[in-house]
Amino acid sequence: MKKPILLGAVAYDPRVVPIWEGMREYFRSTGPSIDYVLFSNYDRQVQALLDRQIDIAWNTNLAWVKVYKRTKGACKALALRDVDVKFTTVVVARTDSGIQSLGDLRGKRLALGSADSAQAAVLPLHFLKQVIGDPAKACELIRFDLDVGKHGDTGTSELEVLRALRENQADAGALGDTTWIRQVAEGRIDPRLFRPIWTSPGYCHCNFTALADFPAPLAEQWTESLLQMRYDHPRWRELMDQEGLKRWVRVEPDILDGYQVLFDAVSDQGLDSAWPA
């Protein structure tokens with residue numbers, strides 16, 4: 001019996017377990033077989049991939065940047081969710097703040113999510129710098145560094161951003177569009193209190209990452225099998241709903257371009273200076 005492909009994922013929420021049990025069941029029925037390991041944070045997962053303790057990692061975009069930089073590009077992104085291809089950040093402002101655009105944030109209180117959240121901290125600061133210069137000097141930054149190590153996966157810090165807006169502790173806040181959309185859909189947003197004033201250009205989010213020496217035929221077989229998962233199949237619809245997608249997408253060269261803005265932000269903010277070589 002062939003050894004199963006070992007996948008890594010971060011346990012940011014209890015629902016992660018049934019998701020990966022479902023993934024194991026899927027690949028048991030389609031092949032090649034997999035098993036999985038859960039990690040407490042992305043740094044441990046990245047290191048496990050580099051140490052070849054796992055074969056494939058389900059990485060955030062920031063974890064992908066870490067792997068790419070630490071391997072000097074000797075890695076490959078295999079697939080991502082449809083929702084990860086054009087992810088966006090929104091900046092939301094209180095309606096009584098007078099903020100209509102990013103330029104209006106000068107002198108205002110801006111709430112940000114976890115420091116290692118690409119969508120709620122790293123990229124908002126990057127985009128904002130292009131408009132108002134150094135955000136730390138142009139406005140008062142209010143940071144919610146919660147669940148650091150999980151790259152914003154829990155969404156806790158983004159909910160704190162919305163709470164700060166609701167309680168008038170901040171004039172504006174940055175969060176991922178998926179969190180905003182979900183909160184609106186659940187009726188938790190009062191449009192009389194705050195509204196989005198800016199949406200970022202699209203960028204890529206999570207992907208399945210393997211090292212360059214992972215056997216190419218096996219990587220292709222696994223990727224092809226993953227791409228065959230269908231949302232209209234009653235057996236897999238619930239699994240895909242849990243992971244928040246309608247289809248899996250192969251990472252083509254043009255899709256990889258969607259990570260460049262995060263590479264730029266990481267370098268500009270010096271975040272990679274503390275990463276191991």
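Each remark here, short or long, concerns the structure printed above.
Residues numbered from 1 in each chain as written. Predicted model: local features only at pLDDT ≥ 70, side-chain atom pairs only at ≥ 80, totals over all residues. Heavy atoms only, no water.

A. Inspection of the sheet that holds strand β5 (residues 89–94) at higher detail. If you walk across this open sheet you meet the 5 strands as β7-β6-β8-β5-β9, and the pairing is mixed. Bordering the open sheet on either side are β7 (140–143) and β9 (194–199), each of which pairs with just one other strand. Strand after strand, the sheet turns through a mean of 30° between neighbouring axes, direction not considered. Two strands pair when backbone bridges link them, and strand β6 (residues 109–112) and β7 are joined in this way by 4 bridges, in the parallel orientation. Across the sheet, Leu 112 pairs through a bridge with Arg 143, a residue of β7. Of the strands in this sheet, β5, β8 (172–176) and β9 touch helix α7 (residues 177–185), which is tilted by about 100° from β8. (Pairing = 2+ DSSP bridges. Helix = DSSP H or I, 4+ residues; strand = E, 2+ residues; numbered from the N terminus. Axes fitted to C-alpha atoms, helices over the stretch in contact; angles between N-to-C directions. Contact = heavy atoms within 4.5 Å.)

B. Expanded view of the packing of helix α6 (residues 156–166) against α7. Two elements in contact, α6 and α7, have axes whose closest approach is 10 Å; the angle formed by their N-to-C orientations is 60°. In terms of axis orientation, α6 runs oblique to α7. As for the relative orientation of α6 and α7, their crossing is right-handed in sense. Together, Glu 158, Leu 159 and Leu 162 of α6 and Thr 179, Trp 180 and Gln 183 of α7 make up the contact between the two elements. By residue class, the composition of the contact of α6 with α7 is 3 nonpolar, 2 polar and 1 charged. (Parallel < 35°, antiparallel > 145°, perpendicular 65-115°, else oblique. Left-handed = near helix turned anticlockwise from the far one by under 90°. Nonpolar A, V, L, I, M, F, W, Y, C, P; charged D, E, K, R; others polar.)

C. Up close: the sheet that holds strand β4 (residues 75–81). Spatially, β2-β1-β3-β10-β4-β11 is the arrangement adopted by the 6 strands of the open sheet, whose pairing is mixed. Each having just a single partner strand, β2 (34–39) and β11 (248–250) make up the two edges of the open sheet. Here the average twist between neighbouring strands, direction ignored, is 25°. Each of β1 (5–10), β2, β3 (56–59), β10 (207–211) and β11 touches helix α1 (residues 16–30); the most contacted strand, β2, lies at about 165° to it. Set on the sheet, helix α2 (residues 42–50) makes contact with β1, β2, β3 and β10; between it and β3 the angle comes to about 155°.

D. Geometry of unusual backbone geometry. Cis geometry is found at the peptide bond from Gly 31 to Pro 32, where omega equals -10°. Mapping Pro 32 onto the fold places it in the loop between α1 and β2. Backbone geometry places Asp 147, a non-glycine residue, at a positive phi of 55°. Relative to the elements of secondary structure, Asp 147 occurs in the loop between β7 and α6. Here His 151, not a glycine, exhibits a phi torsion of approximately 55°, which is positive. Note on placement: His 151 falls in the loop between β7 and α6. When its relative accessible area of 3% is taken as the criterion, His 151 is described as buried. (Buried < 20%, exposed > 50% of the residue type's maximum accessible area, 1.4 Å probe, protein only.)

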